[in-house]
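# Structure at a glance
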Amino acid sequence: MLNKADKIFPEKYKLYSRKNIDQILRLKNLPRELLVAIKTVSAVLPFRVNNYIIDELIDWNNIPQDPLYQLTFPQPEMLDKQDFKQMNELLMKKTSEKDILTAARKIQMSMNPHPAGQMDMNVPEENGKNINGMQHKYHETVLFFPTQGQTCHAYCTYCFRWAQFIGLESIKFASSDIYALVNYLQKHPEVTDVLFTGGDPLFMRTKILRRYIEPLIKERPGNLRSIRIGTKVPAYWPYRFLTDNDADDLMRLFEQVVASGLHLSIMSHFSHYREIETTVAQAAIKRILSTGAVVRCQAPLVRHVNDDHAIWAKMWQTQVKIGAIPYYMFVERDTGPKNYFEIPLERTYRIFTKAYKKVSGLCRTVRGPSMSATPGKIMIDGITEIGGEKLFALKFIQGRNPNWTNQIFFARFDKEASWLDDLEPAFGEEDFFFNQ
Ligand SMILES: *Cc1c(COP(=O)(O)O)cnc(C)c1O
Ligand code: SF4
């Protein structure tokens with residue numbers, strides 16, 4: 001166990017955003033063009049990093065290619081050329097923040113801020129009214145978005161939840177009413193899992209997180225069996241589990257959940273093996289596991305960050321070595337700067353398969369590559385040929401209609417396709433079965 005005497009802990013926590021970005025660039029002696037590009041893109045897309053990422057994760061000798069730099073710093077190509085130029089000119093002219101925001105809003109709205117029908121199709125209703133801050137898409141699992149957890153220690157440039165961070169209250173998911181969830185669970189016996197998500201719920205101080213979790217332990221509503229917490233804190237601020245003032249209290253809260261008989265799974269987002277190689281990240285995982293919680297790992301496959309089978313193989317192996325369980329590889333979603341990150345499904349499948357072949361069965365708990373699309377979670381299960389036609393074999397991991405689960409179906413092979421919407425049904429059929 002690490003303790004405060006180990007000098008690897010930074011003296012204090014420091015956040016950087018668009019406002020104080022000049023400091024990092026001075027600190028790391030970076031060229032001015034980078035600064036201009038970062039300022040321009042971050043007027044549209046959310047940007048934030050902390051001193052742990054700056055000092056421990058990014059390799060500043062390999063800028064801009066470094067995957068962890070790509071993961072957290074906005075790149076000029078993330079905006080459409082025209083949009084970049086317009087925004088850049090506005091900033092140069094020292095336009096007012098208000099006018100910059102107006103221009104930014106227009107660009108943001110053109111970038112599909114809420115993909116896969118999450119705004120219109122996943123929000124549960126009661127007496128004809130939407131219940132805020134929740135999504136219920138698959139029978140067994142309800143997502144809950146605690147208000148104070150709708151931010152992160154750093155913003156991943158590819159984040160599909162980016163719309164949560166741009167100050168647009170009208171399209172934001174958030175609730176501080178945990179009893180609305182308790183109520184909902186009591187009325188929905190099919191739900192066994194609650195997934196706290198965000199943003200990042202572990203951004204919250206323990207005292208606040210406790211207010212959300214304790215009612216679930218005490219009331220044990222409906223058929224609740226498992227609590228999951230989706231988080232990137234083990235990657236972005238592992239001190240949260242070790243030396244933050246309320247780290248011990250957080251561990252006690254985890255222990256309480258486990259002692260109550262509920263399963264607790266920390267769904268950790270790791271994009272690159274380097275995030276789990278630091279001493280402090282490994283100590284954090286170890287400490288989480290010591291509470292009886294389980295750590296499961298997931299991330300999307302993203303160009304510039306982790307589009308290499310060797311990265312995934314090494315990442316899964318490192319996870320298993322420290323006691324964490326590989327869970328999902330996602331296909332990057334069709335939102336935000338998708339053009340910058342996307343990889344054709346064919347290449348995605350090849351990367352997954354090459355990595356999967358290289359690791360032992362203990363790593364093969366990972367599922368994917370999976371698209372979280374409107375009809376469900378759909379994995380690319382193979383590329384094959386039937387009757388002379390080249391095809392993608394696809395399979396529902398989860399279906400909006402539970403009967404679709406584990407169903408396979410075929411699409412015509414398409415070298416360029418990068419999302420479900422790009423695919424056509426195989427065998428000359430009019431439409432996929434789930435659209436009929
Ligand atoms: C992935 C996902 C879940 C959880 O699915 P599991 O297969 O149980 O991990 C729940 N809700 C939504 C909306 C999801 O995208
Ligand atoms: S930590 Fe998760 S929610 Fe936060 S920016 Fe990254 S991907 Fe998005």
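Computed from a prediction, not measured in an experiment: that's the story for all the values here. (Residues numbered from 1 in each chain as written. Chains lettered and ligands numbered in written order. Predicted model: local features only at pLDDT ≥ 70, side-chain atom pairs only at ≥ 80, totals over all residues. Heavy atoms only, no water.)

## Some words on the packing of helix α8 (residues 206-219) against helix α10 (residues 247-259)
Running from N to C, α8 and α10 point in directions that differ by 10 degrees, and their axes come no closer than 11 Å. Regarding the angle of α8 to α10, the classification is roughly parallel. Contacts from T206, L209, R210, I213, E214 and I217 in α8 reach D249, L250, L253, Q256 and V257 in α10. Among the residues making up the contact of α8 with α10, the classes are represented as six nonpolar, two polar and three charged. (Axes fitted to C-alpha atoms, helices over the stretch in contact; angles between N-to-C directions. Helix = DSSP H or I, 4+ residues; strand = E, 2+ residues; numbered from the N terminus. Parallel < 35°, antiparallel > 145°, perpendicular 65-115°, else oblique. Contact = heavy atoms within 4.5 Å. Nonpolar A, V, L, I, M, F, W, Y, C, P; charged D, E, K, R; others polar.)

## Re the site of ligand 1
Near ligand 1, the surroundings consist of K137, Y138, T141, L143, R228, Y327, Y328, R367, K377 and Q398. In the environment of ligand 1, an oxygen atom lies 2.7 Å from a nitrogen or oxygen atom belonging to the side chain of R228. For ligand 1, whose unbound accessible area comes to 390 Å², protein coverage reaches 88%. Within the residue set of the shell around ligand 1, elements represented by two or more residues are β5 (134-138), β6 (141-144) and β11 (325-331). (Near = heavy atom within 4 Å. Polar contact = N/O pair within 3.5 Å; in protein donor to acceptor, adjacent residues only side chain to side chain. Areas by Shrake-Rupley, 256 points an atom, 1.4 Å probe, with all protein chains shown as cover.)

## Brief notes about the site of ligand 2
Every residue lining ligand 2 is accounted for by C152, A154, Y155, C156, C159, F165, G199, K232 and H269. Class assignment for the residues of the shell around ligand 2 results in six nonpolar, two polar and one charged.

## Quick look at the nonpolar core
In terms of nonpolar packing, the biggest core is built from 116 residues, with F73 and F254 touching the most fellow members. Not counting chain neighbours up to four residues away, the residues in contact with F73 comprise I21, I24, I38, F47, V49, I54, I58, W60, M78 and T157. Formed by 20 residues, the second largest nonpolar core is a distinct cluster that contains L345, I380, F396 and F413. (Core = buried A, V, L, I, M, F, W, Y, C linked by side-chain atoms within 4.5 Å. Buried < 20%, exposed > 50% of the residue type's maximum accessible area, 1.4 Å probe, protein only.)

## Let's talk about the pattern of salt bridges
Enumeration according to the criterion identifies 20 salt bridges in this entry. Linked by salt bridges that have partners in common, R210, E214, K218, D249 and R252 make up one network. (Salt bridge = Lys/Arg side-chain N within 4 Å of Asp/Glu carboxyl O.)

## Topic: helix α1 (residues 21-28)
Among the residues making up α1, those that are buried are I21, I24 and L25. All buried residues of α1 project into a common sector of 95 degrees when viewed along the axis, lining one side. Residues of α1 that are exposed and angled more than 90 degrees away from the buried face: R26 and L27. As for α1, its buried residues are in contact with β1 (15-17), α2 (32-41), β2 (48-50) and α3 (51-57). (Arc of directions from axis to C-beta.)

## Remarks on the pairing of strand β15 (residues 408-412)
Of the two faces of β15, only the one carrying F409 and A411 is buried; I408, F410 and R412 on the other face are not. Pairing of strand β14 (residues 389-399) with β15, which is carried by five bridges, proceeds in the antiparallel orientation. Directly across from L394, in β15, lies its bridge partner F409. (Pairing = 2+ DSSP bridges.)

## Overview of the packing of aromatic side chains
For the structure on display, the rule yields 31 aromatic pairs. Taking the centre distance of 5.9 Å and the plane angle of 65 degrees together, the rings of F410 and F427 count as edge-to-face. One end of the pair, F410, is in strand β15; the other, F427, is in the segment after β15, with 17 residues separating them in the sequence. By relative accessible area, F427 is classed as partly exposed at 42%. Linked through ring pairs, F396, W404, F409, F432, F433 and F434 together constitute an aromatic cluster. If you follow R367 out to its NZ or CZ, it ends over the ring of Y327, 4.9 Å from the centre. (Phe/Tyr/Trp six-rings, centres within 6.5 Å; stacked < 30°, edge-to-face > 60°. Lys NZ or Arg CZ within 6 Å of the ring centre and 35° of its normal.)

## Observations regarding the packing of α1 against α2
Axis separation between α1 and α2 bottoms out at 10 Å; the angle between their running directions is 155 degrees. In terms of their interaxial angle, α1 and α2 are classed as roughly antiparallel. As α1 packs across α2, the resulting crossing turns out to be right-handed. Residue-level contacts link I21, D22 and L25 of α1 to L34, L35, I38 and K39 of α2. Its residues assigned to classes, the contact of α1 with α2 shows five nonpolar, no polar and two charged. (Left-handed = near helix turned anticlockwise from the far one by under 90°.)

## So, the environment of N29
Tracing the chain through its elements places N29 in the loop between α1 and α2. It is 49 Å that separates the C-alpha atoms of N29 and A393, two residues lying 364 residues apart in sequence.

## Concerning the sheet that holds β5
Within the open sheet, the eleven strands sit side by side as β5-β6-β7-β8-β9-β10-β11-β12-β13-β14-β15. Their pairing is mixed. The sheet terminates laterally at β5 and β15, the two strands that pair on one side only. Across the sheet, the mean angle separating the axes of adjacent strands is 30 degrees when strand polarity is ignored. Bridging between strand β7 (residues 193-196) and strand β8 (residues 226-231) involves four bridges; their strand directions are parallel. Residue pairing for β8: D193 is matched across the bridge by S226. This element, helix α7 (residues 178-187), spans β5, β6 and β7 of the sheet and lies at about 170 degrees to β6.

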